[in-house]
Amino acid sequence: MFASGVVKLTSRCPTWWGLTALTYHYETQCLPTPAAWFAHHLPVWLHKLSVVATFLIEIAVPPLFFAPIRRLRLTAFYAQALLQVLIIITGNYNFFNLLTLVLTTALLDDRHLSAEPGLRCHKKMPTSWPKALLTALSLLLELTVYGLLAYGTVYYFGLEVDWQQHIILSKTTFTFHQFSQWLKTVTLPTVWLGTASLAWELLVVLWRWIQVQGWSRKFSAGIQLSVLGTATVALFLISLVPYSYVEPGTHGRLWTGAHRLFGSVEHLQLANSYGLFRRMTGVGGRPEVVLEGSYDGQHWTEIEFMYKPGNVSRPPPFLTPHQPRLDWQMWFAALGPHTHSPWFTGLVLRLLQGKEPVIRLVQSHVANYPFHERPPTYLRAQRYKYWFSKPGDQSRWWHRQWVEEFFPSVSLGDPTLETLLQQFGLKDKSPPRARSPSNGLAQTLNWVRTQLSPLEPPILLWGLFGAVVAIRVVQTLLAPRPLQSSKQTREEKRKQTSKKDSRAASEQAAANSNSRDSWAPRRKK
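Rules used in this analysis
- Residues numbered from 1 in each chain as written.
- Predicted model: local features only at pLDDT ≥ 70, side-chain atom pairs only at ≥ 80, totals over all residues.
- Heavy atoms only, no water.
- Helix = DSSP H or I, 4+ residues; strand = E, 2+ residues; numbered from the N terminus.
- Buried < 20%, exposed > 50% of the residue type's maximum accessible area, 1.4 Å probe, protein only.
- Core = buried A, V, L, I, M, F, W, Y, C linked by side-chain atoms within 4.5 Å.
- Contact = heavy atoms within 4.5 Å.
- Expected span 1.5 Å × (residues − 1).
- 1 Å grid on protein atoms, 1.4 Å probe; cavity = no way out; pocket = protein on both sides within 12 Å on 5 of 7 lines; lining within 4 Å.
- Points joined across faces, edges and corners; volume = space filled by probe spheres on them.
- Phe/Tyr/Trp six-rings, centres within 6.5 Å; stacked < 30°, edge-to-face > 60°.
- Lys NZ or Arg CZ within 6 Å of the ring centre and 35° of its normal.
- Pairing = 2+ DSSP bridges.
- Axes fitted to C-alpha atoms, helices over the stretch in contact; angles between N-to-C directions.
- Parallel < 35°, antiparallel > 145°, perpendicular 65-115°, else oblique.
- Salt bridge = Lys/Arg side-chain N within 4 Å of Asp/Glu carboxyl O.
- Left-handed = near helix turned anticlockwise from the far one by under 90°.
- pLDDT = per-residue confidence, 0-100.

Draft legend 1. How the structure looks around unusual backbone geometry. Cis geometry is adopted by the peptide bond preceding Pro321, which originates at Thr320 and carries an omega value of 5 degrees. Here Pro321 shows up in the loop between β4 (301-303) and α15 (325-333). Phi is positive for Asn94, which is not a glycine, with a value near 45 degrees. In this structure, His166 is a non-glycine residue whose phi angle is positive, near 60 degrees. By the secondary structure assignment, His166 is in the loop between β1 (160-162) and β2 (167-169). With relative accessibility at 64%, the residue His166 sits in the exposed group.

Following this line, the structure appears as structure tokens:
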């Protein structure tokens with residue numbers, strides 16, 4: 001997360017430095033949602049303030065993941081959760097944000113997650129003065145951190161309130177050189193912070209292993225600790241190399257053993273650097289590739305994809321956590337010439353051949369494909385620029401403008417197509433692979449796919465997810481209540497004993513009072 005925020009500034013992208021990136025982001029991202037249309041039309045000052053909040057959450061908040069104070073870690077969790085939820089609402093990034101939310105749950109503890117009131121609420125007990133002093137110091141440190149974050153945000157982004165227009169003005173008040181110097185100062189300490197955190201976790205686990213009773217259990221736990229501990233340390237060392245890419249000086253000062261280890265397993269892609277939205281694309285409009293087919297080369301019909309923008313009257317879909325790979329790649333193809341995306345030539349070839357598996361990537365319901373009866377004779381692609389429609393235009397979500405031809409008109413056997421296929425190594429000279437119809441697993445999978453094909457992928461995925469959640473809820477409701485802990489049991493026994501003692505003392509006092517009344521002389525009226 002820290003690297004994702006840093007690269008936005010090290011890239012020197014003018015939209016990030018000018019805090020205007022979100023004025024383009026919502027309409028130019030890979031696959032926007034309907035909420036992106038509404039977010040795009042928010043005031044510019046609010047877009048700028050949102051960029052400031054993004055830098056705060058991605059750069060300043062991540063070090064709080066390692067804070068020793070519980071409330072600071074919870075604050076860091078909810079800040080990250082807020083960012084990921086807003087991204088999910090306004091953009092279709094498949095399961096990426098959901099996985100990020102799962103990772104951030106490591107910042108929570110059992111007491112925060114528990115639904116039992118006994119774990120969430122603690123009875124106030126008198127505390128000793130050292131504990132009270134420690135609590136006061138923790139609160140003071142927590143308030144200091146919040147104050148520094150607020151002061152730094154106001155100072156470095158020049159936040160000012162315009163009371164006449166009721167807006168918050170913002171601008172970047174630091175230079176690229178100042179940011180680079182700051183990055184040199186903090187990157188290596190963050191590496192040591194991660195190292196210290198991992199070392200502490202390993203020591204805690206080692207202490208728990210020492211307390212394991214029984215040689216067999218201890219031996220088994222020791223094997224697990226050795227394997228998992230070694231793998232964890234190795235992966236941590238490997239991850240330091242791509243992480244240090246954010247600052248070249250830190251990259252050169254890393255331990256050489258980490259570089260050698262990373263180089264030996266780099267081909268496995270176990271760890272990667274992060275540079276999400278390093279530069280904002282589509283500043284002059286969203287580039288979009290539109291495929292067209294024809295039988296005579298004169299009358300062309302657009303081939304509409306299921307999810308990416310095409311038909312200007314169709315609203316953007318909500319797909320999370322599904323990722324339509326072809327629609328996703330079409331966004332990248334539109335950013336450059338078709339020669340930068342060799343797979344596009346293969347797509348054109350398969351559509352000219354009328355290959356049904358490829359057609360289903362364009363339209364899962366083949367009947368919606370305009371050339372489902374017979375494949376087109378000619379195919380070409382045009383590049384357009386798309387913009388979100390204005391709020392007053394109720395008939396369409398987009399408006400577009402033709403830019404240029406993206407892919408020339410070709411047909412099967414066309415010399416241009418054959419040259420491109422030869423150039424990209426896409427000429428299939430091997431005979432088709434024979435399929436075994438008697439394979440039981442293949443038949444089962446094909447049957448399952450046939451039964452599920454009418455369902456939209458997002459509905460299917462959320463249905464599976466909802467079924468799992470429902471099963472877990474039912475299991476929780478039907479599970480027997482756990483026995484109380486020994487500490488709670490002792491506490492209840494102590495309370496019951498004290499009640500019995502007080503009741504017995506009351507009865508004894510009453511008996512003594514009655515006995516005194518029996519022999520005491522009666523008073524005269």
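Next comes the rest of the account.
Draft legend 2. Highlighting the nonpolar core. Counting 32 residues, the largest nonpolar core has Leu9, Trp16, Phe55 and Phe179 as the members making the most contacts within it. When contributions to this core are tallied by element, the ones reaching two or more residues are α1 (2-10), α2 (14-17), α3 (22-28), α4 (34-40), α5 (44-60), α11 (176-210) and β5 (378-388). It is α1 that provides the largest number of residues to this core, a total of 5 residues. Setting aside residues up to four positions removed in sequence, Leu9 forms contacts with Trp17, Phe55, Ile59, Phe174, Phe176 and Phe179. If you look at the next biggest cluster of nonpolar residues, it comprises 28 residues, including Leu349, Ile359, Phe371 and Phe406.

Draft legend 3. Layout of α5. Here α5 spans 24 Å end to end across 17 residues, near enough to the 24 Å set by a 1.5 Å rise per residue. Within α5, burial applies to His47, Val51, Val52, Thr54, Phe55, Ile57, Glu58 and Ile59.

Draft legend 4. Examining empty space enclosed by the protein more closely. Applying the stated rule across the entire model yields 1 cavity of 30 Å³ or more. Estimates place the volume of the largest cavity at around 70 Å³. Lining the largest cavity, in full, are Leu31, Pro32, Tyr307, Lys308, Pro309, Gly310, Asn311, Arg314, Pro315, Pro316, Pro317 and Trp398.

Draft legend 5. Region of the structure containing the packing of aromatic side chains. Evaluated as defined, the whole model comprises 27 aromatic pairs. One residue, Arg380, lies across the ring of Trp300, its end atom 4.1 Å from the ring centre. Against the face of Tyr384 rests Arg400, its NZ or CZ located 4.1 Å from the ring centre.

Draft legend 6. Highlighting the side chain of Thr250. Within the secondary structure layout, Thr250 lies in helix α13 (residues 248-253). For Thr250, a relative accessible area of 2% corresponds to the buried category. Apart from residues no more than four positions distant in its own chain, Thr250 is found in contact with Thr187, Leu188 and Ser244.

Draft legend 7. View of the sheet that holds strand β6 (residues 398-410). Here we have 4 strands laid out as an open sheet, ordered β4-β3-β5-β6, and antiparallel in their pairing. The open sheet is flanked by β4 and β6, the only strands paired with a single partner. Going across the sheet, the axis of each strand differs from the next one's by a mean of 35 degrees, ignoring polarity. Sheet topology note: the strand β3 (residues 286-294)/β4 ladder contains 3 bridges and is antiparallel. Paired with Leu291 across the bridge in β4 is Ile303.

Draft legend 8. Structural context of the pairing of β3. For β3, a buried count of 9 out of 9 residues is recorded, marking the element as mostly surrounded by other parts of the structure. Alternating positions in β3 separate into two faces, Arg286, Glu288, Val290, Glu292 and Ser294 on one and Pro287, Val289, Leu291 and Gly293 on the other, with burial throughout. The sheet contact formed by β3 and β5 spans 9 bridges and is antiparallel. Paired with Leu291 across the bridge in β5 is Ala381.

Draft legend 9. Structural context of the packing of helix α6 (residues 70-90) against helix α7 (residues 96-104). α7 packs onto α6 with a crossing angle of 170 degrees between their chain directions and a minimal axis gap of 10 Å. The angle between the axes of α6 and α7 places the two elements in the roughly antiparallel class. Contacts between α6 and α7 involve Phe77, Gln80, Ala81, Gln84, Ile87 and Ile88 from the former and Asn97, Leu98, Thr100, Leu101 and Thr104 from the latter.

Draft legend 10. Region of the structure containing the pattern of salt bridges. Under the counting rule described, the total for this entry stands at 12 salt bridges. Here Arg380 ties to Glu292 by a salt bridge, and the two come within 2.6 Å at their closest N and O atoms. Placement of Arg380 in strand β5 and of Glu292 in strand β3 is noted, with a sequence separation of 88 residues between them. By relative accessible area, Arg380 is classed as partly exposed at 22%. One salt-bridge network, held together by shared partners, links Arg286, Glu288 and Lys308.

Draft legend 11. Focus on the packing of α1 against α5. Put simply, α1 and α5 touch, their axes get as near as 7 Å, and they point 130 degrees apart. Considering their axes alone, α1 and α5 lie oblique with respect to each other. The element α1 and its partner α5 pack so that their crossing is left-handed. Contacts from Phe2, Ser4, Gly5, Val6, Lys8 and Leu9 of α1 reach α5 at Phe55, Glu58 and Ile59.

Draft legend 12. Focus on the confidence of the model for the protein chain. This prediction gives the protein chain a mean pLDDT of 88; 87% of its residues lie at or above 70. Taken element by element, the predicted model of the protein chain shows its lowest mean pLDDT in helix α9 (residues 117-120) (52) and its highest in β5 (97).

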